[in-house]
Amino acid sequence: MKNRKLLFGILFLGLLASSCYTEVIVEDDLITEPPINTALVLESHDLWYVDINKTRGNGEVPFLQRAFTISFDRGIVYANNNLSGIGKTGNGLGIDVGTYATYSGQVEIDHDVDGLWLMEVFALDNNTLEFYDPSSDTSYILEGYQRNNFDYDMVFYDNIHYFLQEYQVWEKTYTSEVGALNEFDGENYLQFFADGGRIFRSSLDAQGIPLTNIQWDYEGHYEVYDVANDATLKTLTLDYDFLGNDYFELYVINDSTIELYHVSSGTVYEFTGRGYIQYLKSSDVTGKKRSKTKNPIMNVTRQRNM
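Just so it is clear, the model here is predicted, and its values are computed rather than measured.

Calculation rules
- Residues numbered from 1 in each chain as written.
- Predicted model: local features only at pLDDT ≥ 70, side-chain atom pairs only at ≥ 80, totals over all residues.
- Heavy atoms only, no water.
- Core = buried A, V, L, I, M, F, W, Y, C linked by side-chain atoms within 4.5 Å.
- Buried < 20%, exposed > 50% of the residue type's maximum accessible area, 1.4 Å probe, protein only.
- Helix = DSSP H or I, 4+ residues; strand = E, 2+ residues; numbered from the N terminus.
- Contact = heavy atoms within 4.5 Å.
- Polar contact = N/O pair within 3.5 Å; in protein donor to acceptor, adjacent residues only side chain to side chain.
- Salt bridge = Lys/Arg side-chain N within 4 Å of Asp/Glu carboxyl O.
- pLDDT = per-residue confidence, 0-100.
- Lys, Arg positive; Asp, Glu negative; His and termini not counted.
- Phe/Tyr/Trp six-rings, centres within 6.5 Å; stacked < 30°, edge-to-face > 60°.

Peer 1: Looking at this structure, I do not really get the nonpolar core. What am I missing?
Peer 2: Side chains that are nonpolar tend, in soluble globular proteins, to be buried together. Of all hydrophobic cores here, the largest spans 34 residues; its most connected members are F184, L190, F192, L238 and L260. Here this core gets 4 residues from one element, more than from any other, and that element is helix 4 (residues 152-158). Among residues more than four places away in sequence, those in contact with L238 are F184, L190, F192, F200, H221, Y222, G244, N245, D246 and F248. The next biggest cluster of nonpolar side chains, apart from the first, holds 25 residues, and it includes V50, A79, Y100 and V121.

Peer 1: What's the story with the environment of E166 in this structure? I'm lost.
Peer 2: Inspection of the secondary structure puts E166 in the loop between helix 5 (160-163) and strand 9 (167-175). Separated by 111 residues in sequence, E166 and I277 have C-alpha atoms that sit 5.1 Å apart. In this structure E166 touches F68, N81, N82, L83, S84, G275, Y276, I277 and Y279, once residues within four positions along its chain are discounted. In terms of polar contacts, E166 uses its side chain to reach the side chain of N82, at 3.5 Å.

Peer 1: Just to check I follow, could you spell out the pattern of salt bridges for this structure?
Peer 2: Pairing between side chains of opposite charge can happen when their charged atoms approach one another. If you walk through the whole model with that rule in mind, you get 12 salt bridges. Note that R74 and D73 form a salt bridge whose closest N and O atoms lie 3.1 Å from each other. Residue D73 is classed as partly exposed on the basis of its relative accessible area, which comes to 25%. When the shortest N-O distance is used, the salt bridge between E259 and R304 registers 2.9 Å. Here R304 lies in the segment after strand 17 (297-298) and E259 lies in strand 15 (residues 257-262), a separation of 45 residues in the sequence. Its relative accessible area of 5% is what places E259 among the buried residues.

Peer 1: When you look at the side chain of S71 in this model, what are you seeing that I'm missing?
Peer 2: Mapped onto the elements of the fold, S71 is located in strand 2 (residues 69-73). Among the polar contacts made by the side chain of S71, one reaches the main-chain carbonyl oxygen of D46 at a distance of 2.6 Å. With sequence-adjacent residues up to four places away left out, S71 is seen in contact with D46, L47, I76, V77, Y78 and L93.

Peer 1: Help me out: how do you make sense of the confidence of the model for the protein in this one?
Peer 2: Note: predicted coordinates in regions of low pLDDT should not be interpreted at a detailed level. Counting all residues, the mean pLDDT for the protein is 85, and 84% of those residues have values of 70 or more. Considering only residues more than four positions removed or in separate chains, one finds that residues 1-35, a stretch of pLDDT under 50, has 1 contact.

Peer 1: I keep staring at the side chain of E249 and nothing clicks. Help me out?
Peer 2: Of note, E249 is situated in strand 14 (residues 244-254). Within the buried core, E249 has no salt-bridge partner, and the shortest N-O distance to an opposite charge, that of R302, equals 5.9 Å. Within the structure, E249 has its side chain in polar contact with the side chain of Y251 (distance 2.6 Å). At a separation of 2.5 Å, a polar atom in the side chain of E249 contacts the main-chain amide nitrogen of Q303. With residues up to four places along the chain from it excluded, the contact list for E249 reads L233, K234, T235, E259, L260, Y261, V263, T301, R302, Q303 and R304.

Peer 1: What am I meant to see in the packing of aromatic side chains here?
Peer 2: Applying the stated criterion to the full structure yields 18 aromatic pairs. The interplanar angle of 65 degrees and the centroid separation of 5.0 Å between the aromatic rings of Y167 and W170 together place this pair among those described as edge-to-face. For W170, a relative accessible area of 0% corresponds to the buried category. Cluster of aromatic residues (ring-pair linked, three or more members): F156, F163, Y167, W170 and Y276.

Written out as structure tokens, the structure is:
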């Protein structure tokens, strides 16, 4: 009887050991995946829109923080860092900002100013990538598009407050004859600052003078609003202490001209940008950097008859 028990015990242990061994093999098969072809993934789309509002982490990768789009083409990195000229510069890809090399699940970017960055690449789906920077524990989400289906206007309107900051000064170049007289008629220059405080300055100086001769008469707060149920309309308020808020519908005429429709008076103003600020490859910390932004929403209806 003892011999039978011993034999049964040995057989049982053998079966158990065999079962455990087989299970390990199965587990290994499940976690083994072919490595990602990073170059193929990066080059599968002409443009990658940097959705800055989906960034995770407290650090930053400077060249991604500046870029609206980034592109990878045969070892060259391109970026659209400005809204003025977007869709035209570099045939839509932007400017050459560096080079790249790919490894399994990684891309090494040698930026002309910001230096060398080794980032991990994760394909979240066919059109979405995550770029993870281990040094700062920060992730950027990139959405892929081809040039022929990329909505440059959407990028423009979603980031229009940056466009206001791409010129040193906006000079009034047109005032409609239609419209009631109002205090804003005398404002000939506007300036919008890139800091988080949304500060503007205005001047009554005569049109056409050198930028260095402009004397600023007022400094206050401005705000850009989204409009409920109207994705292509933005509104702008300029906070004048002595007048209250001046409220405008904001339209973009071209890469250097904006239109302000003064709703209360019915007057149309055009301002032309002077002193274009091109964000090329500068690592200057005072330069433009994008940050998570959500415009407040205004519940109004469009008043301008186009």
